[in-house]
Amino acid sequence: MTSTGGNKTVSTSDTAAAGTAVPGAAETSADAAAARPARDGEMLLEVDNLGKHFPVTAGLLRRQVAAVKAVDGVSFSVRKGETLGLVGESGCGKSTTGRMIMRLLDPSFGKITFEGEDITTMSQGRLRPLRRDLQMIFQDPYSSLNPRKTVGAIVGAPFRLQNIETENGVKKAVQEILELVGLNPEHYNRYPHEFSGGQRQRIGIARTLALKPKLIVADEPVSALDVSVQAQVVNLLEDLQDELDLTYVVIAHDLSVVRHISDRVAVMYLGKIVEIADRNDLYERPMHPYTNALLSAVPVPDPSERGNRQRIRLQGDVPSPLDPPPACRFHTRCWKAQDICKQVEPPLIELSHGHQAACHFPENTTVSATDEVAKAAVAPGAAPAAEADAETGE
Amino acid sequence: MAAPLEVTGSDTEAQPEAVLAGVDGKAIQGRSLGQIAWMRLKRDKVALAGGVIVILLILLAIFGPLLVQSPLDYHQNLIDPTYNRPKTGIWHTGISADHLLGVEPGTGRDLLSRIVHGARISLLVSFLATLLSVVIGTILGITAGYFGGWVDMLISRAMDAFLAFPLLLFAIALVAVISDGSFGLSGNGLRIGVLVVVIGFFNWPYIGRIIRGQTLSLREREFVDAARSMGARNSYILFKEILPNLVAPILVYATLLIPTNILFEAALSFLGVGVIPPTPSWGGMLTLAVPIYSSDPMYMIVPGVAIFITVLAFNLLGDGLRDALDPRAK
């Protein structure tokens, strides 16, 4: 769970690869990364063994017959000023994790600590003042803005909801924020349906920024946008981070976007984090086979280069989170799986500096990982207790 | 191959009008959805005609009684005592310059005046009953849809129960049971009160179901999560975020419920549960017309046409409103 936010030097080959699918992003990537100071700041958000099980009920009495284990014990932490990317396939629980951090969903177990305060079970009333510091950018700009409200009312709502006095009135404050996100302040009286997708997402971002939050959870902030607009919005998020000293948790399924914006990246599979590392470390030396397979699926823009790459094709579908495979959840699709993978769950352990992976047979590591993993797995209490309960409790 | 950048064209709500609104350039003031709906409604000539008739009817109901003669004055000099029908006018209707729609057989009361006064009762009862239905239906529908769970279950079952209730029989029985002077009301006031409560109270499930369904889909929209993540309370989300989005369906179904209630009021009056004679009502006029329709068919046609025009006008307006406010629901 430890990480240095350092290692910000970006090689040119690296940047070129990072910008594969985000046009225009490559140019600014190196600058943005270089401009960011090395951050060893304090922890802003800590998530410990967080889980969400959605009950499946049946019959007249609504007895619980099963549980969808959407998130099943994830742990990570985010330092002030850094960006954590959360990637994974659809249904791996990354959005659920984001919504639990926002307390839009109540966690089934685990602990969320924000600025040293445990917000896991805090009442909505006590949470209200904290929400100033904790905001969310939503995925679908067509659904996240109330069609019956003007832009001014939408962006001004946080001020009214939090009873914040502004120096020159709410309207002035809203217009300043609109300008900050690259919108015309004259658009104050317009309605959302008069804007394009990219502009709408900017309105959503403006609303998020109104209260000057410390942490922003961005749930697929660009996946609903045109490719040409994605880069603009991603760059806007980066500029705002530098300007307002924001911390992001960016949830995305798009590896290129995550690579561009994140300092650290966590990869999720079936409700668990399988690997978490500094961005460059993860993209250049992925340890978990799943991460490897994901990265190999990123399209290569240069046709002549395409022949050189190795595409790892995973067999079968993602297993149902209703009944996830025992031990290592990836063993059903992993080409390196052996008997131990079906019997002992590999814990998420640090295999090299700041690079954690949950695999018995990690790649790209000099450490004799099998021994390491075996040691850790056998050691009592290595796997969190609640997680073990969750496995056997059904 | 997994596309790294998904372009999901989810702009289902992008409206051509919105584009048009942006083209004229000079208007920096945005057009609200209400204004756009009004633009659409203006193009719908049929709905507009319905709307004009509705407005005329409302004006007639409010100011008409001041202009016409008393509906209670007998003009028996116009009645042919042998056949008990008007002596004058084409087809013995009694139509003349003094009595534009003729006179009532037997008594010689002015029909135009009775229609105008009847419109007052009809519209009053149907508007108040609709208002009652809308208020109850909206509150319970939005509550059921938003909170779900056992609240939803309770309210939904109540809706089913109300819809299964034999309303007509209940109304007839109720009028017989409630004695004059109950609830501080007497005579026509009491009858109107009973009509409003019975019609309004038993029609709310129709609107309640629609509101519940709409709320179910609205509460999943991300702007509700956005409001919650900013620290909004349930009351704010219900009334400031969700309710404004329900104005369109409420307006449409209220407009469509009014003609239903007009018909219902007429039916109850026809059965003798409405206002007490000699106060005129459309349904009551039909009751009087039944035994003598063979000798004076016009007496039945006049209130029948009044009901027909009113119901048709409201329905046309309601359909037009629905098309204008929710173009996808066609």
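Residues numbered from 1 in each chain as written. Chains lettered and ligands numbered in written order. Predicted model: local features only at pLDDT ≥ 70, side-chain atom pairs only at ≥ 80, totals over all residues.

### Structural notes on the overall build of chain A
Working step 1: From N to C terminus, chain A includes 15 helices and twelve strands.
Working step 2: When the 394 residues of chain A are sorted by exposure, 48% land in the buried category.
Working step 3: Long-range pairs, those at least 24 residues apart, make up 66% of the contacts in chain A between residues at least 6 apart in sequence. (Helix = DSSP H or I, 4+ residues; strand = E, 2+ residues; numbered from the N terminus. Buried ≥ 20, exposed ≤ 12 C-beta atoms within 10 Å, placed from the backbone. Contact = placed C-beta atoms within 7 Å.)

### Some remarks on the overall build of chain B
Working step 1: The helix and strand inventory of chain B stands at eleven helices and two strands.
Working step 2: In chain B, the order of α-helices and β-strands from amino to carboxyl end is α-α-α-β-β-α-α-α-α-α-α-α-α.
Working step 3: Burial analysis of chain B (330 residues in total) assigns 42% to the buried set.
Working step 4: The long-range fraction of contacts in chain B, counting pairs at least 24 apart against all pairs at least 6 apart in sequence, stands at 70%.

### Quick word on the nonpolar core
Working step 1: Counting 93 residues, the largest nonpolar core has A:V155, A:A206, A:V249, A:V250, A:A266, A:V267 and A:I273 as its most contacted members.
Working step 2: Sequence-distant contacts of A:V250, that is, excluding residues within four places in its chain, are made with A:T83, A:G85, A:L86, A:A218, A:P221, A:V258, A:I261 and A:S262.
Working step 3: The next biggest cluster of nonpolar side chains, apart from the first, holds 49 residues, and it includes A:Y191, B:L101, B:Y299 and B:V302. (Core = buried A, V, L, I, M, F, W, Y, C linked by C-beta atoms within 7 Å.)

### Description of the pairing of strand β2 (residues 63-79) of chain A
All names here are of chain A.
Working step 1: Pairing analysis gives 13 bridges linking strand β1 (residues 43-58) to β2, with the strands arranged antiparallel. Bridging across to β2, L45 finds its partner in V78.
Working step 2: Where β1 hands over to β2, the hairpin turn is made up of four residues, of which G59 adopts a positive phi near 80 degrees. (Pairing = 2+ DSSP bridges.)

### Some remarks on the UniProt feature "transmembrane region" (unreviewed entry) in chain B
Working step 1: Mapped onto the present numbering, the UniProt feature "transmembrane region" (unreviewed entry) falls on residues 46-68, 121-147, 159-178, 190-211, 250-277 and 297-318 of chain B.
Working step 2: Here residues 46-68 of chain B runs as 96% helix and 0% strand, with 30 Å between its end C-alpha atoms. (UniProt positions renumbered as here; feature names shortened; annotations may be inferred.)

### Focus: the sheet that holds strand β9 (residues 264-269) of chain A
Two pairing modes exist for strands in a sheet, parallel and antiparallel, and in both the strands are linked by backbone hydrogen bonds.
Residues and elements named next belong to chain A.
Working step 1: Reading across from one edge, β6-β7-β8-β3-β9-β10-β12-β11 is the order of the eight strands in this open sheet, with mixed pairing throughout. Each edge of the open sheet carries a strand with a single partner, namely β6 (134-137) and β11 (349-352). Averaged over all neighbouring strand pairs, the angle between strand axes comes to 25 degrees, with direction disregarded.
Working step 2: Relative to β9, strand β3 (residues 83-87) is paired through four bridges, and the arrangement is parallel. Bridge pairing in β9 links L84 to R264.
Working step 3: Contacting β9 and β10 (272-278), helix α11 (residues 289-296) runs over the sheet at an angle of about 105 degrees to β9. (Axes fitted to C-alpha atoms, helices over the stretch in contact; angles between N-to-C directions.)

### Side note on the sheet that holds β1(A)
Residue and element names in this part refer to chain A.
Working step 1: The strand order β2-β1-β4-β5 describes an open sheet built from four strands, whose pairing is antiparallel. Only two strands of the sheet have a single neighbouring strand rather than two, namely β2 and β5 (117-118).
Working step 2: Alignment of strand β4 (residues 109-114) against β5, held across two bridges, turns out to be antiparallel. The partner of F114 across the bridge, within β5, is E117.

### Looking at the confidence of the model for chain B
Residues and elements named next belong to chain B.
Working step 1: Of all residues in chain B, 84% attain a pLDDT of 70 or more, and the chain-wide mean is 80.
Working step 2: Helix α5 (residues 149-164) holds the highest mean pLDDT among the elements of chain B, 91, whereas helix α1 (residues 16-23) holds the lowest, 43.
Working step 3: Taken as a whole, residues 1-27 scores under 50 in pLDDT and shows 33 contacts with residues more than four places along the chain or in a different chain.
Working step 4: Per the prediction output, this complex has pTM 0.75; the corresponding ipTM is 0.76. (pLDDT = per-residue confidence, 0-100.)

### Digging into the packing of helix α4 (residues 111-147) of chain B against α5(B)
Residues and elements named next belong to chain B.
Working step 1: Closest axis-to-axis distance for the α4/α5 pair is 7 Å, and the angle between their directions is 145 degrees. In the crossing of α4 with α5, the sense of the turn from one axis to the other is left-handed. Listed contacts from α5 to L140, T143, A144 and F147 of α4 are G149, V151, D152, I155 and S156.
Working step 2: Classifying every residue of the contact of α4 with α5 gives five nonpolar, three polar and one charged. (Left-handed = near helix turned anticlockwise from the far one by under 90°. Nonpolar A, V, L, I, M, F, W, Y, C, P; charged D, E, K, R; others polar.)

### With respect to the environment of B:R209
Residues and elements named next belong to chain B.
Working step 1: In this fold, R209 is placed in helix α7 (residues 187-218).
Working step 2: The class for R209 is buried, based on 21 C-beta atoms found within 10 Å.
Working step 3: Sequence separation between R209 and A144 is 65 residues, and the spatial gap between their C-alpha atoms is 9.2 Å.
Working step 4: Those residues within four positions of R209 in sequence are excluded, and the remaining contacts are G141 and M159.

### Considering the packing of helix α8 (residues 222-229) of chain B against helix α9 (residues 234-270) of chain B
All names here are of chain B.
Working step 1: Where α8 meets α9, the axes come as close as 10 Å, and the angle between the chain directions of the two elements is 135 degrees. On the basis of the axis angle, α8 is oblique to α9. Of the two elements, α8 crosses α9, and the hand of that crossing is right-handed. Every residue of α9 that contacts α8 at F223, V224, A227 and R228 is listed here: Y236, I237 and E241.
Working step 2: Of the residues assigned to the contact of α8 with α9, the class counts are five nonpolar, no polar and two charged. (Parallel < 35°, antiparallel > 145°, perpendicular 65-115°, else oblique.)

### Structural notes on the pairing of strand β8 (residues 247-252) of chain A
All names here are of chain A.
Working step 1: Counting buried residues along β8, six of its six residues qualify, which places the element largely inside the surrounding structure.
Working step 2: Burial along β8 is two-sided: the residues T247, V249 and I251 and Y248, V250 and A252 are all buried.
Working step 3: Here β3 runs beside β8; their pairing, made up of five bridges, is parallel. Its bridge partner lying in β8, L86 is registered against I251.
Working step 4: As defined by bridge partners, strand β7 (residues 215-219) adjoins β8 across five bridges and the pair is classed as parallel. By the bridge assignment for β8, I216 is matched with Y248.
Working step 5: Taken together, β7, helix α8 (residues 227-244) and β8 constitute a β-α-β crossover, and its handedness is right-handed. (Right-handed = clockwise from strand over helix to strand, strands pointing away.)

### Some words on the confidence of the model for chain A
Residues and elements named next belong to chain A.
Working step 1: Within chain A, residue pLDDT values average 79, and 82% of them lie at 70 or more.
Working step 2: Across residues 1-39, confidence stays below pLDDT 50; counting only partners more than four residues off in sequence or on other chains, it has 71 contacts.
Working step 3: Between residues 377-394, whose pLDDT stays under 50, and residues either more than four places distant or in other chains, the model counts 24 contacts.

### Some words on unusual backbone geometry
Residue and element names in this part refer to chain A.
Working step 1: For N163, which is not a glycine, the phi torsion comes out positive at approximately 55 degrees.
Working step 2: Position of N163 relative to the elements: it lies in the loop between α5 (151-161) and α6 (169-180).
Working step 3: For N163, a count of 8 C-beta atoms within 10 Å translates into the label exposed.
Working step 4: A positive phi is found at E220, a non-glycine position, where the angle reads about 50 degrees.

### Details of the environment of A:L145
Working step 1: Here A:L145 is to be found in the loop between β6 and α5.
Working step 2: Taking the C-alpha atoms as reference, A:L145 lies 15 Å from A:D219; in sequence the two are 74 residues apart.
Working step 3: Leaving out residues up to four positions away in the same chain, A:L145 has contacts with A:I154, A:P192, A:R200, A:I203, A:G204 and B:F223.

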